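Coordinate inspection notes
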Amino acid sequence: ICRKIKATKCNVLLVQKSIIKESICSLALQILAEMQIMVIKDIERDDLEFIVNSLNCVPIADIESMKHENFAFADCVEERLYGQEKIIIFKGVKNVSCKTATVVIRSSNTLLLKEAERSFYDALCVIRSIIRRRYLVAGGGSSENEISFNLRQFS
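Residues numbered from 1 in each chain as written. Predicted model: local features only at pLDDT ≥ 70, side-chain atom pairs only at ≥ 80, totals over all residues. Heavy atoms only, no water.

This brings us to the overall build of the protein. Of regular secondary structure, the protein possesses five helices and four strands. In the protein, the succession of helices and strands from N to C terminus is α-β-α-β-α-β-β-α-α. Over its C-alpha atoms the protein spans a radius of gyration of 24 Å, topping by over 25% the 15 Å that the globule rule assigns to 155 residues. Seen along its three principal axes, the alpha-carbon backbone of the protein occupies a region of about 85 × 35 × 25 Å. Counting every position in the protein, which comprises 155 residues, the buried fraction comes to 15%. Summed over all atoms, the accessible surface of the protein reaches about 12700 Å², with 55% contributed by carbon and sulfur. Separation between the mean location of the 22 positive side-chain charges and that of the 19 negative ones in the protein comes to 3 Å. (Helix = DSSP H or I, 4+ residues; strand = E, 2+ residues; numbered from the N terminus. Rg over C-alpha atoms; globule rule 2.2 N^0.38 Å. Buried < 20%, exposed > 50% of the residue type's maximum accessible area, 1.4 Å probe, protein only. Areas by Shrake-Rupley, 256 points an atom, 1.4 Å probe, with all protein chains shown as cover. Lys, Arg positive; Asp, Glu negative; His and termini not counted. Charge placed at Lys NZ, Arg CZ, Asp CG, Glu CD.)

See the structure below:
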């Protein structure tokens, strides 16, 4: 199997998390590492769908269906360690219909992390609304102050 993977000129392999504890054995991982094929394993199903859509590639369930046209192409794939978490970074992805970015939010505790996530989500919703409707109503009571100012001048 490892030779077939190498023959397709695949150099990064993404493996979905399986209900079987070890879906890929340690010997196969060692052989693939010697062949200079990076293996990223235990990817959640939802994450894999996001990655497939972001990279514009096709998930492959059978080794016989591994074809060059189903692959994604990137200039650089690297694994970085942030605290206790490993993060995989794809740079220079080719043939993509839309650009994707991932924002890493870190915090000292879960309460602050959840609050930061909500604030970031709110900011993205504001940007989406501005793009859709092309107008902005300022917050913080500024619209009420403007109405009050205009009513005073009118009276």
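Moving on from the coordinates now.
Let's shift gears to the pairing of strand S3 (residues 74–82). Across eight bridges, the pairing between S3 and strand S4 (residues 85–93) is antiparallel. Residue pairing for S4: Ala-74 is matched across the bridge by Val-93. Taking the residues that link successive antiparallel strands as the turn, the S3-S4 hairpin has two residues, and the phi of Gly-83 there is positive, at about 65°. (Pairing = 2+ DSSP bridges.)

This paragraph deals with the side chain of Ser-54. Note that Ser-54 resides in helix H3 (residues 45–55). Excluding residues within four positions of it along the chain, Ser-54 makes contact with Val-96 and Thr-100. (Contact = heavy atoms within 4.5 Å.)

Attention shifts here to a nonpolar patch on the surface. Together, Val-103, Phe-120, Leu-124, Ile-127 and Ile-131 line one region of the surface with nonpolar side chains, adding up to about 450 Å² of accessible area. Locating Leu-124 in the fold gives a position in helix H4 (residues 110–133). Exposure remark for Leu-124: the relative accessible area of 43% places this residue in the partly exposed category. (Patch = residues over 30% accessible without salt bridge, like charges linked within 9 Å, V, L, I, M, F, W, Y side chains within 5 Å. Salt bridge = Lys/Arg side-chain N within 4 Å of Asp/Glu carboxyl O.)

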